[in-house]
Amino acid sequence: MGATGERGRRSWTPMQPREGGRGRAAAQPRPWTDHASIPATPRHPPREGRRSAPPLDRPRLHPGHAQTPASGGPALSPAPGPATPRQPRGQRPDADTMAGPELRAALEEQLRHLGIPTVSVDHPEVFTVEEMMPHIQHLKGAHSKNLFLKDKKKKSYWLVTVLHDRKINLNELAKQLGVGSGNLRFADEMSMLEKLKVGQGCATPLALFCDQGDVKFVLDSAFLEGEYEKVYFHPMTNTATMGLSPDDFLTFVKKTGHDPIILKFD
């Protein structure tokens with residue numbers, strides 16, 4: 001409170017803050033600051049190792065496109081693209097990575113290594129027995145029809161080789177193989193490419209050297225009992241037919257690790 005003045009009148013004096021007391025001190029004005037004189041600080045300074053964006057006047061390079069600077073200087077070389085990943089290799093990389101002609105050459109090398117003589121005839125590309133026969137009917141011996149089959153659950157695959165004029169009942173064949181009637185059907189081309197490395201129109205028992213043990217081989221007994229001089233199959237391509245003796249053919253099949261299931265189809 002303030003002190004008393006003349007009688008009957010009071011005068012007031014502003015409350016002064018006491019030293020260490022409760023009075024509120026008068027607000028002091030803040031000093032003027034010239035913000036333009038303060039250097040700007042980036043909100044998020046770049047971390048160590050972080051790549052900064054290129055200047056606006058610097059052209060960006062895109063893979064596969066050479067660019068010329070605005071100054072008319074020499075063209076900038078394209079940035080190198082990503083490296084092509086290597087293809088995974090299987091247990092038999094030669095069969096996994098070869099094309100048709102190379103696979104045929106690999107087959108012929110296998111046969112030479114076993115000392116098996118062969119005869120071959122080149123002809124136009126064929127996809128059915130009916131298309132093939134006009135080109136090879138002059139060759140004396142047993143010609144083949146080859147079916148690549150699977151069971152209903154794709155747990156097993158069969159390559160079935162019969163005389164070219166056989167009519168095959170899949171239900172009867174399924175019973176003979178013990179898989180149950182109605183459980184045998186044709187496999188798709190991708191499965192044949194995966195297992196035997198040949199595609200549509202090229203199914204052949206000579207491709208068994210590419211198999212990793214996933215395919216069972218079924219052979220018509222007539223190839224071995226018919227007293228044929230030669231038996232004929234595609235040599236990894238449907239633009240040729242290869243012949244060899246029945247005994248040599250059986251030797252080759254067994255050397256691939258396959259014990260043929262020999263069935264009568266008469």
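Below is a summary of the structure that appears in this document. No experiment lies behind these values; they were computed from the predicted model shown. (Residues numbered from 1 in each chain as written. Predicted model: local features only at pLDDT ≥ 70, side-chain atom pairs only at ≥ 80, totals over all residues. Heavy atoms only, no water.)

**Here we look at the packing of aromatic side chains**
Taken as a whole, this structure holds 4 aromatic pairs when the rule is applied. Relative to Tyr-157, the ring of Phe-148 lies with its centre 5.6 Å away and its plane at 10°, an arrangement referred to as stacked. We classify Phe-148 as buried; its relative accessible area is 6%. Looking at Tyr-157, the relative accessible area reads 10%, which means it is buried. (Phe/Tyr/Trp six-rings, centres within 6.5 Å; stacked < 30°, edge-to-face > 60°. Buried < 20%, exposed > 50% of the residue type's maximum accessible area, 1.4 Å probe, protein only.)

**Notes on the environment of Leu-177**
For Leu-177, the position within the fold is in helix H4 (residues 170-177). When the C-alpha positions of Leu-177 and Val-218 are compared, they lie 9.1 Å apart, and in sequence the two are 41 residues distant. Residues in contact with Leu-177, not counting those within four places in the same chain, are Trp-158, Leu-184, Val-218, Ile-261 and Leu-263. (Helix = DSSP H or I, 4+ residues; strand = E, 2+ residues; numbered from the N terminus. Contact = heavy atoms within 4.5 Å.)

**Description of helix H7 (residues 246-255)**
If you check which residues of H7 are buried, you get Pro-246, Phe-249, Leu-250, Phe-252 and Val-253. In a view along the axis of H7, the buried residues occupy a sector of 160°, so they form one face of it. Exposed and facing more than 90 degrees away from the buried side of H7 are Asp-247, Lys-254 and Lys-255. Of the surrounding elements, those touching the buried residues of H7 are helix H2 (100-113), strand S5 (215-220), helix H6 (222-225), strand S6 (231-233) and strand S7 (240-244). (Arc of directions from axis to C-beta.)

**A short note on helix H5 (residues 189-196)**
Among the residues of H5, those classed as buried are Ser-191, Met-192, Lys-195 and Leu-196. In an axial view of H5, the angular spread of the buried residues amounts to 100°, which keeps them on one side of the axis. Counted as exposed and oriented over 90 degrees from the buried face of H5: Met-190 and Glu-194. Against strand S2 (142-151), strand S3 (157-163) and S5 lie the buried residues of H5. The N-cap residue of H5 is Asp-188: its side-chain oxygen and the backbone nitrogen of Met-190 are 3.1 Å apart. Downstream of H5 by one or two residues, Lys-197 has phi in the positive range, about 65°. (Polar contact = N/O pair within 3.5 Å; in protein donor to acceptor, adjacent residues only side chain to side chain.)

**Focus on a positive patch on the surface**
Taken together, the side chains of Lys-152, Lys-153, Lys-155 and Arg-185 present a region of like positive charge at the surface. Structurally, the position occupied by Arg-185 is in strand S4 (residues 184-186). When its relative accessible area of 33% is taken as the criterion, Arg-185 is described as partly exposed. (Patch = residues over 30% accessible without salt bridge, like charges linked within 9 Å, V, L, I, M, F, W, Y side chains within 5 Å. Areas by Shrake-Rupley, 256 points an atom, 1.4 Å probe, with all protein chains shown as cover. Salt bridge = Lys/Arg side-chain N within 4 Å of Asp/Glu carboxyl O. Lys, Arg positive; Asp, Glu negative; His and termini not counted. Charge placed at Lys NZ, Arg CZ, Asp CG, Glu CD.)

**Let's talk about the environment of Phe-252**
Among the secondary structure elements, Phe-252 is positioned in helix H7. Ignoring anything within four residues of it in the chain, the contact list for Phe-252 reads Leu-107, Leu-111, Leu-114, Ile-116, Pro-205, Leu-206 and Phe-209.

**Looking at the pattern of salt bridges**
A full pass over the atoms with the stated rule returns 9 salt bridges. Notably, a salt bridge pairs Arg-166 with Asp-220, separated by 2.7 Å at the nearest N-O pair. Within this pair, whereas Arg-166 is found in the loop between S3 and H4, its partner Asp-220 is found in strand S5, the two being separated by 54 residues in sequence. Note that Lys-175 is salt-bridged to Glu-172, the shortest N-O span being 3.9 Å. Of this pair, Lys-175 and Glu-172 are both found in helix H4, 3 residues apart, which corresponds to roughly one turn of the helix. The exposed category is assigned to Lys-175, whose relative accessible area is 53%. Through salt bridges with shared partners, a single ionic network connects Arg-104, Glu-108 and Asp-122.

**Remarks on the environment of Met-192**
Note that Met-192 resides in helix H5. Look at Met-192 and you get buried, because its relative accessible area is 7%. Separated by 33 residues in the primary sequence, Met-192 and Leu-159 have C-alpha atoms spaced 9.6 Å apart. Those residues in contact with Met-192 that lie beyond four places of it in its chain are Phe-148, Lys-197, Val-198, Gly-199, Gln-200 and Ala-203.

Just geometry here; none of it tells us what the structure is for.
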